[in-house]
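Coordinates in review
Read off the chains here:
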Amino acid sequence: MTGLPPGETRDGRIKIHGPEDFEGMRRAGLLAAQTLDFVTPHIRPGVATGELDRLCHEFILDHDAISAPLNYRGFPKSICTSINHVVCHGIPGDRRLMEGDILNIDVTPILGGWHGDTSRMFFVGDRIPVKARRLVDVTYEAMMRGIAVVRPGVRIGAIGDAIQRYAEGHRFSVVRDFCGHGVGRIFHDAPSILHYGRPDDGPVMREGMFFTVEPMINAGRWEVKILNDGWTAVTKDRSLSAQFEHTVGVTATGYEIFTVSPAGLHRPPYAPASEAEPRTVGAHPA
């Protein structure tokens, strides 16, 4: 689930984790990725988002975990389903998917006390507009470029700088109102991970930090508004929006991505591997 607004966290201290904590996050992250793998074949025209929520909820329960979003600050469902111009926090319900939609599903199972937080974009049907495909591909690559700079001694602002430069270089915009966040035994914690900014901003990354990188990229302007349900964020100009999210840990020499799909389904549909990916996905702490 997308982080709180920048600076709003449950605990202002950045936690440093040890080897046993990495093991816990690997298990939670794997289950998060497997949940999205499981629901993938069910994403097709005519399916209600509420049905996708039910499927994910039952899958998580069947794997001895619970869903963190359910009842979190009043959120009524187990997953977020954000379609087309919905930026994040879309609430599953009666809305049925239509040919040509783009959809983000955000899941966070809690397994053994650890949160595995990830989201992924999906194409609904085969007739996806070219601009929508391009937006999804650029969003994935922007996330991976942000992750690629993670290592001890680098400031957190370098993540947002890499994401912003890539997205804006393709004439898309980066949402400012939401951010990534520290994660582990707490759902949303310090530090806040902005998806824009300067490389010399923010605290220095240290081995043992866990956080999400989850840029929201808009085809139009970056401004968003919250609907009357108090959760659903949409683009003000009703342009398309896309988001990907991984949970990562800072290792002695770089980073580890906890939420990679074991089936390789974490990439955008039909997209090649990221330029950053061959060097990084599946890396473990040194």
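Please refer to the structure placed before this passage.
Residues numbered from 1 in each chain as written. Predicted model: local features only at pLDDT ≥ 70, side-chain atom pairs only at ≥ 80, totals over all residues. Heavy atoms only, no water.

For the structure shown, the criterion picks out 12 salt bridges. Put simply, Arg120 and Asp37 hold a salt bridge, and the shortest N to O gap is 2.9 Å. Remark: Asp37 occurs in helix H1 (residues 19–39) and Arg120 occurs in strand E7 (residues 118–123); sequence separation between them is 83 residues. The class for Asp37 is buried, based on a relative accessible area of 14%. For Glu223, the salt bridge identified is with Arg221, shortest N-O distance 2.8 Å. Looking at Glu223, the relative accessible area reads 19%, which means it is buried. Overall, Arg221 belongs to the exposed group, its relative accessible area being 54%. Within this structure, Glu23, Arg26 and Glu256 form a network of salt bridges that share partners. (Salt bridge = Lys/Arg side-chain N within 4 Å of Asp/Glu carboxyl O. Helix = DSSP H or I, 4+ residues; strand = E, 2+ residues; numbered from the N terminus. Buried < 20%, exposed > 50% of the residue type's maximum accessible area, 1.4 Å probe, protein only.)

On the secondary structure map, Thr118 appears in strand E7. For Thr118, a relative accessible area of 2% corresponds to the buried category. For Thr118, the side chain forms a polar contact with the main-chain oxygen of Glu245, separated by 2.7 Å. Those residues within four positions of Thr118 in sequence are excluded, and the remaining contacts are Ala32, Ala33, Leu36, Ile105, Asp106, Val107, Glu245, His246 and Thr259. (Polar contact = N/O pair within 3.5 Å; in protein donor to acceptor, adjacent residues only side chain to side chain. Contact = heavy atoms within 4.5 Å.)

So, on to the pairing of strand E16 (residues 246–250). Within E16, five of the five residues are buried, leaving the element largely enclosed by the surrounding structure. Of the two faces of E16, the one lined by His246, Val248 and Val250 and the one lined by Thr247 and Gly249 are each fully buried. Pairing geometry for strand E11 (residues 210–213) and E16, over four bridges, is antiparallel. Opposite Thr212, over in E16, you have Thr247 as the bridge partner. (Pairing = 2+ DSSP bridges.)

Honestly, it's all geometry; don't read function into it.
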